[in-house]
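Listed here are the chains, written in short residue letters.
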There are 2 protein chains.
Amino acid sequence: MKERVFNFNPGPSALPLEVLKEAREELLNYRSTGMSVLEISHRSKEFDEIMAQAVARVKSLMGLTDDYHVVFMTGGASSQFFYAPMNLIREGETADYINTGTWSTKAIAEARILGKSVNVAASSEDENFTYIPKEFNFSPNPAYVHITSNNTIKGTQYHSFPDTRGAPIAADMSSDILSRVFDPAPFGLIYAGAQKNIGPAGVTLVIIRDDLAKRSPETLPTMLRYSTYVAKNSLFNTPPAFAIYFANLVFKWIESAGGVAAVEKVNNEKARLLYQAIDQSGFYRGTAREDSRSKMNVTFRLPTEELEAKFIEDAAGEGMGGLKGHRSVGGLRASLYNAVGPDAVRALVSFMGEFERRHG
Amino acid sequence: MKERVFNFNPGPSALPLEVLKEAREELLNYRSTGMSVLEISHRSKEFDEIMAQAVARVKSLMGLTDDYHVVFMTGGASSQFFYAPMNLIREGETADYINTGTWSTKAIAEARILGKSVNVAASSEDENFTYIPKEFNFSPNPAYVHITSNNTIKGTQYHSFPDTRGAPIAADMSSDILSRVFDPAPFGLIYAGAQKNIGPAGVTLVIIRDDLAKRSPETLPTMLRYSTYVAKNSLFNTPPAFAIYFANLVFKWIESAGGVAAVEKVNNEKARLLYQAIDQSGFYRGTAREDSRSKMNVTFRLPTEELEAKFIEDAAGEGMGGLKGHRSVGGLRASLYNAVGPDAVRALVSFMGEFERRHG
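These numbers come from a predicted model, not from an experiment.

The rules behind these values
Residues numbered from 1 in each chain as written. Chains lettered and ligands numbered in written order. Predicted model: local features only at pLDDT ≥ 70, side-chain atom pairs only at ≥ 80, totals over all residues. Heavy atoms only, no water. Salt bridge = Lys/Arg side-chain N within 4 Å of Asp/Glu carboxyl O. Helix = DSSP H or I, 4+ residues; strand = E, 2+ residues; numbered from the N terminus. Least-squares fit on C-alpha atoms with pLDDT ≥ 70 in both. Contact = heavy atoms within 4.5 Å. Polar contact = N/O pair within 3.5 Å; in protein donor to acceptor, adjacent residues only side chain to side chain. Pairing = 2+ DSSP bridges. Axes fitted to C-alpha atoms, helices over the stretch in contact; angles between N-to-C directions. Phe/Tyr/Trp six-rings, centres within 6.5 Å; stacked < 30°, edge-to-face > 60°. Buried < 20%, exposed > 50% of the residue type's maximum accessible area, 1.4 Å probe, protein only. Buried area = accessible area lost by both parts, 1.4 Å probe. Nonpolar A, V, L, I, M, F, W, Y, C, P; charged D, E, K, R; others polar.

(A) Structural view of the pattern of salt bridges. According to the stated counting rule, one finds 32 salt bridges over all chains in the structure shown. Note that A:E39 is salt-bridged to B:R4, the shortest N-O span being 2.7 Å. In this pair, A:E39 is assigned in the loop between helix 1 (17–25) and helix 2 (45–62) and B:R4 in the segment before strand 1 (6–7), connecting two distinct chains. For A:D210, the salt bridge identified is with A:K214, shortest N-O distance 2.3 Å. When salt bridges with common partners are traced through the structure, they connect A:K134, A:R289 and A:D291 into a single cluster.

(B) Expanded view of the relation of the copies chain B and chain A. With an RMSD of 0.0 Å, chain B superimposes on chain A once it is rotated by 180° and translated 0.0 Å along the axis. The transformation just described matches what one would write down for a two-fold rotation axis. Of the interface residues in chain B, 100% have counterparts in chain A that sit at the interface too, so the contact is made through matching surfaces.

(C) Quick look at the side chain of B:D176. Residues and elements named next belong to chain B. Relative to the helices and strands, D176 resides in the loop between strand 8 (169–172) and strand 9 (187–193). Among the polar contacts listed, one links the side chain of D176 to the side chain of R180, at a separation of 2.8 Å. Excluding anything up to four places from it in sequence, D176 contacts S149, N150, Q157, N197 and M296.

(D) Geometry of the sheet that holds strand 10 (residues 204–209) of chain A. All names here are of chain A. Taken in spatial order, the 7 strands of this open sheet run 2-10-9-8-5-3-4, and their pairing is mixed. Each of the sheet's edge strands pairs with one partner strand only, and the pair in question is strand 2 (68–73) and strand 4 (117–123). Adjacent strand axes in the sheet meet at a mean angle of 20°, parallel and antiparallel pairs treated alike. With 6 bridges joining them, strand 3 (residues 94–99) and strand 4 adopt parallel strand pairing. Note that in strand 4 the partner of Y97 across the bridge is V120. Helix-sheet contacts for helix 3 (residues 76–88) involve strand 2, strand 3, strand 8 (169–172), strand 9 (187–193) and strand 10, and the interaxial angle to strand 9 is about 155°. Each of strand 3, strand 4, strand 5 (145–148) and strand 8 is contacted by helix 4 (residues 102–113), which is oriented at about 160° to strand 3, the strand it contacts most.

(E) Local environment of the packing of aromatic side chains. Enumeration according to the criterion identifies 41 aromatic pairs over all chains in this entry. Centroid distance A:F242 to A:Y245: 5.7 Å. Interplanar angle 40°. Geometry classified as tilted. One end of the pair, A:F242, and the other, A:Y245, are both in helix 7 (residues 241–256), 3 residues apart, so they sit about a helical turn from each other. Like A:F242, the residue A:Y245 is buried in the burial classification. Their ring planes at 65° and their centres at 6.4 Å tell us that B:F81 and B:Y191 sit as a pair that is edge-to-face. With B:F81 in helix 3 (residues 76–88) and B:Y191 in strand 9, this pair connects stretches of sequence that are 110 residues apart.

(F) Seen up close, the interface of chain B and chain A. Of the residues lining the interface, 62 residues belong to chain B; the matching set on chain A comes to 62 residues. For the chain B and chain A pair, buried surface summed over both sides reaches about 4,700 Å², with 61% attributable to carbon and sulfur atoms. For the interface between chain B and chain A, the tally reads 2 salt bridges. The tally of links from chain B across to chain A stands at 21 residue pairs in polar contact (both at pLDDT 80 or more). Secondary-structure elements contributing two or more residues to the side of chain B that touches chain A are helix 1 (17–25), helix 3, helix 4 (102–113) and helix 7 (241–256) of chain B. When its residues are assigned to classes, the side of chain B that touches chain A shows 29 nonpolar, 23 polar and 10 charged.

Right under this line is the structure:
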């Protein structure tokens, strides 16, 4: 096996090689402390600096105003599925959810387990979640409107966000955060498990607008309140320090690459290349509706399942990993997160051409 | 500054140098996958193997029968403060808590926030938590009896566990897990934040007896139920994969050192050396009652706060870090977790002698 493969995993997924090297370089002695970053105190000035940089970089990269708090939590996006309704839906209120697949469905289920009032304002379940709805049946004054901005499993993505008429959007952006520029103003809550565009698994980036952070009821356990993370700057207890350290290096890497706009340009080109290869062939077939296609997770099928299995096997032999589609969809999926370079996509497209010539 | 200092931090704290080197060695290419361990899927056969090894090693190191489940969670011990009462105290039941300091006090507070019935069966608050109580006022049939086996801040530790007459003990063992041999049979729940004796911050080791794991109510959000972690082998969602990977290497390191009994022997000798240096001097003064002294966190004072500040500064100059006591206690604290070698303790004792000669 090669020293490094092209990694198309859906998450945990490819990380920037430069960042991996930087972390390796200083793993035994962080900035002349004589300790590993894995061993320093979360109350040390070194870690204070890491945290301050990480927060400042997220704010600057995403263009967040001072209305927004940036905190680092644990438990993944799956835990946000209950944090959001627990903290943000007050007595007598309803929250609207748009159902675009597996993750939205789970988010709705967790809100309902809590006994909260949930209105499914739109769903694409009627066509197996292959598209992003464009018409919504919002409730009069929802606590928030929850969306999944990119759907890793079904390979769909919002290309514009719904007009919620002033209701704050709560968005699971686990799989496309920091991949494209957008206006954060309509958002009250943005959360993302780190293991796609941010860093290693084990930390969740949460961005919450001040008015929503104030909703946390004091009847919740301390660590189940957003307000605790805001008040304590994510340091009520020991945070997942290494994951935050690594995320900060990734944020720096995005900065060096020219910021989110520059990264988006590359992402657009990567997706264009791959979808073009699919569309120009009669052999490969995209599974998501064209107007809803994800630039992060490109899902496609081959004529038969046997060919799909062969494709995955042969691709692995050529040093391309993580291409198997989610078991609920089948087929192939190439995840093109920020750290997947255009070289990886070119290699894949070239392999697809060859594979089609051999088996088409 | 030296390449590596002697690290007496209370947590995050020293990690075995061999393990850090092993992690560094394979950081860019995990076992010929061509991916970093930070980039592999949590559903890959490589990660399956890491998880299976980590679980098997904890069972074997701690002598756990098949009655016990070993799972990896997030949110630190601070989250277990609400997980335990939320999952384990059923309608009409009371849980007993023994209050031995800051962490026990927090655990009690979280159970009360949930509106649970809590009986404080004993407390050493009357003497500023400088000792471990030996008499308990247990309720008739408690859901569990909660203890903090080692008190990082106050420097105390249980040397034998209370006889709870059949009620399961629920123990926060964050700061002394895997440091000594004990019989797990009376325990229904054992939890430990990793960042002392297990690995980097970001994962919580939870050991739960099967009958207690069955108590989780289905009215809780999925990820707030112990039963979910048990049923899904800690893989309901993406786990903190790197922290688990690193913990598994630390478990292997303990095995290679001869297991917990061998590690305990070294820990006993380290603590003996340091307490002897304190007791033989009229200059240093231990803060915990002798029969309750912790072998993990040795807390002591100097004649004046000025001398304490000078001690910390001079020790840092000699390559010894993390010696400052917790702000609520003051003074000095040397944390002697498994990865702190006898050489570190000898260096500290020798420095203490010199410092006393200069300033005593």
